[in-house]
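For reference, the chains in residue letters:
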Amino acid sequence: MYTIADISEIVAPQRSIIVAHESIIQNLIYDTRKIMNAETGLFFALVNRRDGHDFIMDAYSKGVRNFVLQNDLQQELVLTDANILWVPDTFLALQAIAAFQRKKFKSPVLGITGSNGKTIVKEWLFQLLSPEYKIYRSPKSYNSQLGVALSLWELNEQYNFAIIEAGISEVGEMARLEKMIKPTHGVLTNIGVAHREGFQSKEEKIDEKLKLFTDAEVLVYPQKYLEHVYMPSQIYKFAWGDEESCQLEVYSLKKEDNQSTLVSLCFSRQIFTVKIPFVDQASIENAISCIGVMITFGYDVKVIAERIATLQPMEMRLELKKGKQNSFHYR
């Protein structure tokens, strides 16, 4: 729980008017169509495809009395009973609050990025690890600059594990997500064709995505993507693939009755078999990534095999993506 005075210390406004220092802030608002509990809401006038400053009075009329604004339009002449913080960039202020909330969380934070499979791996890990952990995970596919910030705001001490997605569409975005998420552990999923997402090459895309793990302790990834890509030296690199150098070596894949796949694996000189209840390549790769995560958290291979066999198919959801001129769209 924060007061408006606490928020002011976090975002360091250029100018402020605070008429009620103890006003409680519990929800972050950026869309006046979605206002709930207005009395404890903090409205951010985001400037993207539409200028949030055009909706200040709408938020005010619905009961909002706490505002973070970017343009100095003399709002204090109208919002006489409101708390107002003026900052250079409302979007960066929102992200700063999310980063502050994340820093208060002392349990493991698993960051997931890649071109495909982020949401599926997140949901499967939630299923696989929930017996031992109270897990917070990004809602839906909230993996954009905005979505990650909103996700982290809900992170609190009732959980002892967090799984956060991170999605990007161009060079330069991941550094901002990394500052918010600060994952202790990471997973890199499938990497798609570079030119479809605004990157010059697959190597450039991988390099950008790896920035999420700048300060991470462990990274689980498919060996085939990172053979010639630099990674920070402090990371424990847990690679999986069909090469002997991999921490988790894939010996063989055998499809059964078009419904499941028997995968023979080797970890630490121990060979074991897992039945993955899918036959498509993407699901098999996503499941092996989950196996890698479970191993790095100390799970016994028998427990891993039992739980992997119970994985449920995931409905493909729309993903919120950041577009040109700070607009947001679904993909």
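Only a predicted model underlies this, so the values are computations on that prediction, with no experimental measurement involved.

A.B. asks: In this structure, what is going on with the sheet that holds strand β14 (residues 248–256)? I would like to understand it.
C.D. replies: Hydrogen bonding along the main chain pairs the strands of a sheet, whether they run parallel or antiparallel. The sheet built from nine strands is open, its strands ordered β9-β10-β8-β11-β12-β13-β14-β15-β16 with mixed pairing. The open sheet terminates on both sides in strands that have one partner only, identified here as β9 (135–137) and β16 (270–276). Averaged over all pairs of adjacent strands, the angle between their axes in this sheet comes to 20°, without regard to strand direction. Summarising the sheet, strand β13 (residues 236–241) and β14 pair through two bridges and their orientation is parallel.

A.B. asks: How should I be thinking about unusual backbone geometry in this particular structure?
C.D. replies: What you tend to see is this: most non-glycine residues have negative phi, and most peptide bonds are trans. The phi torsion at N37 lies on the positive side, around 50°, for a residue other than glycine. Position of N37 among the secondary structure elements: in the loop between β4 (27–29) and β5 (41–44). Of note in this structure, K182 is not a glycine but carries a positive phi near 45°. Within the secondary structure, K182 sits in the loop between α6 (173–181) and β11 (185–188). We classify K182 as partly exposed; its relative accessible area is 31%.

A.B. asks: How do you make sense of the environment of K209 when you look at a structure like this?
C.D. replies: Along the chain, the position of K209 falls in helix α7 (residues 202–210). Expressed as a C-alpha distance, the spacing of K209 and L92, which sit 117 residues apart in the sequence, is 20 Å. Of the polar contacts made by the side chain of K209, one reaches the backbone oxygen of G114; its length is 3.2 Å.

A.B. asks: How should the pattern of salt bridges be read in this particular structure?
C.D. replies: A side chain of one charge can pair with a side chain of the opposite charge if their charged atoms are brought near each other. According to the stated counting rule, one finds 11 salt bridges in the structure shown. The partner of E123 in a salt bridge is R137, with the nearest N and O atoms 2.9 Å apart. You can see E123 sitting in helix α4 (residues 118–129) and its partner R137 sitting in strand β9, a full 14 residues away along the chain. For R137, a relative accessible area of 27% gives the class partly exposed. Between E208 and K211 there is a salt bridge whose closest N-O contact spans 3.2 Å.

A.B. asks: Just to check I follow, could you spell out helix α5 (residues 145–153) for this structure?
C.D. replies: Because each turn of an α-helix spans 3.6 residues, side chains separated by three or four positions end up pointing in the same direction. Taken across its nine residues, α5 has nine buried, putting it largely inside the fold. Taken as a whole, α5 has its buried residues at Q145, L146, G147, V148, A149, L150, S151, L152 and W153.

A.B. asks: Can you walk me through a nonpolar patch on the surface in this structure?
C.D. replies: Together, M57, L77 and V78 make up an exposed nonpolar region whose accessible area comes to about 310 Å². Counting through the fold element by element, M57 comes out in helix α2 (residues 56–61).

A.B. asks: Would you mind going over the environment of A5 with me for this structure?
C.D. replies: Among the structural elements, A5 can be located in helix α1 (residues 4–11). Looking at A5, the relative accessible area reads 22%, which means it is partly exposed.

A.B. asks: Help me out: how do you make sense of the pairing of β5 in this one?
C.D. replies: Residues in a regular strand project their side chains so that they alternate between the two faces of the sheet. Residues G41 and F43 point to one face of β5 and L42 and F44 to the other, with burial holding for every one of them. Here three bridges tie β4 to β5, and the two strands are oriented parallel to one another. In the sheet register, L28 faces β5, and the bridge partner there is L42. Note that the unit made of β5, α2 and strand β6 (residues 66–69) has a crossover that is right-handed.

A.B. asks: Even after reading the chapter, I still don't get the side chain of S8, so can you show me in this structure?
C.D. replies: In this fold, S8 is placed in helix α1. S8 has contacts with P13, I18 and L85, leaving out every residue within four places of it along the chain.

A.B. asks: Please explain the nonpolar core as it appears in this structure.
C.D. replies: Generally speaking, a soluble globular protein has its nonpolar side chains buried in company with each other. With 55 residues, the main nonpolar core has I7, L42, F44, I181 and L226 as its most contacted residues. For this core, the secondary structure elements donating two or more residues are α1, β5, α3 (90–103), α5, β10 (161–165), α6, α7 and β12 (218–222). What F44 contacts, discounting residues up to four positions off in sequence, is L28, I29, Y30, V68, T90, A93, L94 and I97. By size, the runner-up hydrophobic cluster in this structure holds 38 residues, among which are V274, V301, A305 and L311.

About the thresholds
- Residues numbered from 1 in each chain as written.
- Predicted model: local features only at pLDDT ≥ 70, side-chain atom pairs only at ≥ 80, totals over all residues.
- Heavy atoms only, no water.
- Pairing = 2+ DSSP bridges.
- Helix = DSSP H or I, 4+ residues; strand = E, 2+ residues; numbered from the N terminus.
- Axes fitted to C-alpha atoms, helices over the stretch in contact; angles between N-to-C directions.
- Buried < 20%, exposed > 50% of the residue type's maximum accessible area, 1.4 Å probe, protein only.
- Polar contact = N/O pair within 3.5 Å; in protein donor to acceptor, adjacent residues only side chain to side chain.
- Salt bridge = Lys/Arg side-chain N within 4 Å of Asp/Glu carboxyl O.
- Patch = residues over 30% accessible without salt bridge, like charges linked within 9 Å, V, L, I, M, F, W, Y side chains within 5 Å.
- Areas by Shrake-Rupley, 256 points an atom, 1.4 Å probe, with all protein chains shown as cover.
- Right-handed = clockwise from strand over helix to strand, strands pointing away.
- Contact = heavy atoms within 4.5 Å.
- Core = buried A, V, L, I, M, F, W, Y, C linked by side-chain atoms within 4.5 Å.

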